[in-house]
Amino acid sequence: MNSVMQTYARYPLTLIRGEGAHVFDDEGNKYLDFVAGIAVNTLGHAHPAMVRAIKEQAATMLHCSNLYHIPKQIELADKLVWLSGMHQAFFCNSGAEANEAAIKIARKHFHDAGSNRRTVITATNSFHGRLLSTLTATGQDKVKIGFDPLPPGFVHVPLNDIEALKAAIDDHTAAVLLEPLQGEGGVNLADADYLCGVRELCDEHDILLMLDEVQTGIGRTGKMFAFEHAGIKPDVLTLAKGLGGGVPIGAMLASEKVAAAFSAGTHGSTFGGNPLSCAAALAVLETIENENLLNSVNEQSARLRAGLQSMVEKFSTTASVRGSGLLLGLACSDAVAPVIELCKAKGLLVLPAGPNVVRFLPALNIKASEVDQALATLEEAFAAVEASEAGKEVEK
Ligand SMILES: *Cc1c(COP(=O)(O)O)cnc(C)c1O
């Protein structure tokens, strides 16, 4: 045991270097990386555009207080606003902080309007972060145990059940906060019809629709933002993970009527939107555009999905393929930990999403040959697991 608090059950693996879609451990072993820092390393490892942007910014200015204007921050806000159709951006350092800012601005918006609306409705199995506010917003009990008293004002409803949402909205509801595609909660897609229905309900009651795109944003689902698939627009949008391509940054964007609630002195962050993190995020956005990566995500998603689908037909322990873009899940009837372990031994890093889903989150610039290699390794792993299961049956 080392001096780091044991908040993570870590794999016994030490990764020290990355190059493109590959990472290397401290013994020189090479792995194909379908984790990408949990949807963070948008452009893979050591992309020249990222290295250049970070080097240049480090030599110019690493940090500057938000008490002054920061040109790279303004440039990034302009770009995100233009891409998303939101009005203004607030920058912080993580997904949880972006969601905390969303919850705060929703409450402040109704406070300023002289309304009592304060509560936020979220989905069961959602994940919104580990701050007291965001773990309370999270629709999973396991993140809450031991941290009471929890802040009041959060209600959970099942995802994709419009009637349940309708029944949950009352005179105190300020906002609905949803992931368009739940990542941590098991790769569960919010149906486009459902999201359209939620948008209508929010308009009808004059409450806010806030989308947590911390995992799905910045091209992950094949559009810049997952909400574009449903043809709707939120009032508040949160981003983090893939935005900085590995440099910590979070963002909360809001429509014009909502953004006004964050006036001078109402919220802040020392590091939020500092020159280094904004330079990195700008390099991510420029490279997505220059290398036509949204197109690439859609192509490689189709390739990966087809390969996973053929595995569903081949192996009895696999049940279905779900997700969107390069946030795909392979749902299984058994626990997936042994498959993930075998993949690692064979040089492929993948993640679980809950106990029964293998999650795939490669960099957006993953190549066809790398997708094929990942599929071949995964297939070997499933074949080995099924053979050992069959062996156990024979022994009985
Ligand atoms: C990871 C995640 C968060 C939390 O982000 P942190 O940067 O770990 O605070 C919030 N929402 C979603 C959807 C996430 O996937």
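Residues numbered from 1 in each chain as written. Predicted model: local features only at pLDDT ≥ 70, side-chain atom pairs only at ≥ 80, totals over all residues. Heavy atoms only, no water.

### Structural notes on helix α4 (residues 95-112)
(1) Moving on: In this model, α4 (18 residues) spans 25 Å end to end at C-alpha, consistent with the 26 Å of a helix rising 1.5 Å per residue.
(2) Moving on: Listing the buried residues of α4 in full gives Gly95, Ala96, Ala98, Asn99, Ala101, Ala102, Ile103, Ile105, Ala106, His109 and Phe110.
(3) Moving on: Phi turns positive, to about 75°, at Gly114, one or two residues after α4. (Helix = DSSP H or I, 4+ residues; strand = E, 2+ residues; numbered from the N terminus. Expected span 1.5 Å × (residues − 1). Buried < 20%, exposed > 50% of the residue type's maximum accessible area, 1.4 Å probe, protein only.)

### Remarks on the site of the ligand
(1) Moving on: The ligand sits among Ser94, Gly95, Ala96, Asn99, Phe127, His128, Gly129, Glu179, Asp212, Val214, Gln215 and Lys241.
(2) Moving on: At a separation of 2.8 Å, an oxygen atom of the ligand approaches a polar backbone atom of Ala96.
(3) Moving on: One of the side-chain N or O atoms of Asp212 is found 2.8 Å from a nitrogen atom in the ligand.
(4) Moving on: Against a free-state accessible area of 380 Å², the protein chains account for coverage of 81% of the ligand.
(5) Moving on: Of the residues that constitute the shell around the ligand, the class distribution is three nonpolar, six polar and three charged. (Near = heavy atom within 4 Å. Polar contact = N/O pair within 3.5 Å; in protein donor to acceptor, adjacent residues only side chain to side chain. Areas by Shrake-Rupley, 256 points an atom, 1.4 Å probe, with all protein chains shown as cover. Nonpolar A, V, L, I, M, F, W, Y, C, P; charged D, E, K, R; others polar.)

### Observations regarding the side chain of Gln57
(1) Moving on: One can find Gln57 in helix α2 (residues 48-60).
(2) Moving on: With near-sequence residues (within four places) excluded, Gln57 lies in contact with Leu62, Lys72, Pro275, Leu276 and Ala279. (Contact = heavy atoms within 4.5 Å.)

### Details of unusual backbone geometry
(1) Moving on: A cis amide bond links Asp148 to the next residue, Pro149, at an omega of 5°.
(2) Moving on: Positionally, Pro149 belongs in the loop between α5 (132-137) and β6 (154-157).
(3) Moving on: In this structure, Ala39 is a non-glycine residue whose phi angle is positive, near 65°.
(4) Moving on: Classification of Ala39 by relative accessible area gives buried; the value is 3%.
(5) Moving on: Positive phi, normally seen in glycine, also occurs at Val187, with a value near 60°.
(6) Moving on: Assignment of secondary structure puts Val187 in the loop between β8 (181-182) and β9 (188-189).
(7) Moving on: Judged by relative accessible area, Val187 falls into the buried class, the value being 1%.

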